[in-house]
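# Per-entry structural report
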Amino acid sequence: MRYTLLILVLCLLNLSILKAHDDDDGDDMDEEISIEDTPAATAANIEKGNVPTIKSASANIYFEDQFQDKSKWSRWVKSQAKKDDVDEVLAKYDGEWGLEIPQSSVYNDDYALILKSKARHHAISAHLFKPFDFSTSPLVVQYEVKYQTNQECGGAYVKLLSHTGKQLDLKQVTDKTPYTIMFGPDMCGVDHKYHFIIRYRNPKTGIFTEHQAKKPTEPLDTYFTDKKSHLYTLVLSADNSFKMYIDNKIINSGNLLEDMEPSIVPSKEIVDETDRKPDDWDDREKIPDVTAEKPDDWDETEPKEMPDESASIPNGWLENELAMIPDPNAVKPADWDDDIDGTWEAPSIDNPVCKDAPGCGEWTAPMIPNPAYKGVWRAPLVENPNYRGKWEPRKVPNPNYFEESHPYKLTPIGTVALELWSMVDGVVFDNFIITSDQSIAKQFDDQIWYPKSVLEGKAISAASDSVVDAVIKATKDRPWLWAVYLVAILLPIILLFVFCWPKKSAKKSVDGMKKKTDAIEPDTNEQRSSSRTEEDDEETEEIEIDERQIKRTVKTPTGRDALENEEEGEEEVEVEEEEVPETTEKDKSKNASPSAGNKARRRMRKE
């Protein structure tokens, strides 16, 4: 009966769960039909649509690529050059690139440029539609980066290569190819960077030097690990200000004249490399007192420490034993050559005899500080009358100094390039835009990146929903499911009681039947133990009562009466021993019972 009840309960539970699942599917279908523009909240149910695109013929766009027009993919050229001063195996730019739909894309046709190999040098570039010569403002550089796997070490920055007037051979792009601006994310280990570096040409010397923006204080680690597309934007304005955004949030900002390291404008004075410190220049603040003399009682020969004469050798010290002895179990190696390796000696081990002794070998008294020690005498220091201060080389006018109030006018830009090293593959680059109109970049942000970011966020959130979230979500529109979950939790507890308690009730029913029929049953171990305990307690009480009565009625005899009583007692004992009848085997078996013996003893005491 119990098993039938169990099976019935399990069937009802399964039917309830299946019913809930069917209702859940039906509700999902209703949501997909009624809400067309809003995708479902789970990764499996997200309906992938077509990627949004922007078509613009603005003259303010210097470069743009959404990678949706396959006829323009040929503008990207992979480098075939080699790095200088690098081992031949690592010198090649043999990293692979692909123009394809990322595996983690939330759209059906969202093609992108993907870095496809790890631990290799990669270089790929494309010419701008027209050079940007910094005659207009601002310069806006914007693109998306997505790490499909957690980055370990590598960059995802872009280089805006300098335009020198002639067409650059994109197949020969290397790390030494001159650039004007380097911008974008980079990391290795726990060091996360967001680069903005410019190469500035000194108008006096014609030498290019690199200057980088101060490091941002904003934490950057999540941008490399959350597996979402992030929008990196640089806005460089004619007033020399720069702003660096990630996902429309300002991460760093500053001014080219004040916030670049090293400074673009050199210092007016520099150290004279030819200047030398004069020989008579005394830069000692204090000198020894030449008039001081060593005291007569100053003994420089006294040692700093001395043996403790009050110490004595500890009891049990084994002076005739060595602390280390050759290992008697060591065996000379078979390949040991005395001519080459020298005479073989067994390695030393601690002397086992010294294990329980305070020490072995020659005993020496411990050292203590010497109270007579003074050390080497030195004259005290006094102020130096010839002190002239700390010498520093003189400064001279910097021949390379120049005044610059408008460093915004950098070397013109003609090419966008990705020249990278990465320890992971699957790095996605998408939606490049270089323009002088910030509103165009904002349009790319609002219509392309933002919808994609929302969909990626929902997909990632749905994939990482916890069990509790799933339960709450399932019961939001179907509160009756709480009853199903409650049954599923309480059922094991109920079954535990059902199968455990009947054992005790069965035992009670058997005992009741015995009482009703008065059937003779042998004593169990528990009954025998209980009977013995009760009888022993009764016997102890009766003995204590008899002893108290005897003490009240019997007086202790003394002298001659005592001797006579002893003789009479001995005779009575002998008579009683003779009158004890012989017991048969049947009587022995009866008396063998503890209860029978106890009853007999109680009758004798009463008599």
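Just so it is clear, the structure is predicted and the values come from calculations on it, not from any experiment.

### A short note on empty space enclosed by the protein
Tallying each qualifying case throughout the model produces one cavity of 30 Å³ or more. The computed volume of the largest cavity comes to approximately 90 Å³. Those elements giving two or more residues to the lining of the largest cavity turn out to be β6 (139–147), β25 (427–435) and α4 (438–463). Here the lining of the largest cavity gets three residues from one element, more than from any other, and that element is β6. Its residues assigned to classes, the lining of the largest cavity shows five nonpolar, two polar and six charged.

### Structural notes on the state of the cysteines
Overall, the coordinates contain two disulfides when judged by the stated rule. C153 shares a disulfide with C188; S-S distance 2.0 Å. Across the S-S bond of C153 and C188 the torsion is about -100 degrees, and the bridge reads as left-handed. With C153 in strand β7 (residues 153–155) and C188 in strand β9 (residues 179–188), this pair connects stretches of sequence that are 35 residues apart. Given the relative accessible area of 42%, C188 is considered partly exposed. At a sulfur-sulfur separation of 1.8 Å, the disulfide partner of C354 is C360. An S-S torsion of about -115 degrees defines the bridge between C354 and C360 as left-handed. The same class applies to C354 as to C360, namely buried. Shown here for the chain is a disulfide pattern of 1-2, 3-4, where each number marks a bonded cysteine counted in sequence order.

### Points about the packing of aromatic side chains
In total, this model carries 19 aromatic pairs according to the counting rule given. Centre to centre, the rings of F67 and F432 are 6.1 Å apart; their planes meet at 75 degrees, and the pair counts as edge-to-face. Taken together, the residues F67 in the loop between β1 (61–65) and β2 (77–78) and F432 in strand β25 connect sequence positions 365 residues apart. What makes F67 buried here is its relative accessible area of 0%. On the accessibility criterion, F432 (3% relative accessible area) is buried. For the pair Y194 and Y232, a centre-to-centre distance of 5.6 Å together with 65 degrees between the ring planes defines the contact as edge-to-face. Remark: Y232 occurs in strand β12 (residues 230–236) and Y194 occurs in strand β10 (residues 191–201); sequence separation between them is 38 residues. On the basis of relative accessible area, Y194 is assigned to the buried category, the value being 5%. Clustering of aromatic rings is evident, with ring pairs tying together F63, F67, W76, F129, Y143, F183, Y194, Y232 and F432. The aromatic ring of Y62 is capped on one face by K130, whose charged end is 4.9 Å from the ring centroid.

Analysis parameters
- Residues numbered from 1 in each chain as written.
- Predicted model: local features only at pLDDT ≥ 70, side-chain atom pairs only at ≥ 80, totals over all residues.
- Heavy atoms only, no water.
- 1 Å grid on protein atoms, 1.4 Å probe; cavity = no way out; pocket = protein on both sides within 12 Å on 5 of 7 lines; lining within 4 Å.
- Points joined across faces, edges and corners; volume = space filled by probe spheres on them.
- Helix = DSSP H or I, 4+ residues; strand = E, 2+ residues; numbered from the N terminus.
- Nonpolar A, V, L, I, M, F, W, Y, C, P; charged D, E, K, R; others polar.
- Disulfide = S-S within 2.5 Å.
- Buried < 20%, exposed > 50% of the residue type's maximum accessible area, 1.4 Å probe, protein only.
- Phe/Tyr/Trp six-rings, centres within 6.5 Å; stacked < 30°, edge-to-face > 60°.
- Lys NZ or Arg CZ within 6 Å of the ring centre and 35° of its normal.

Function cannot be read off these values alone, since they describe shape.
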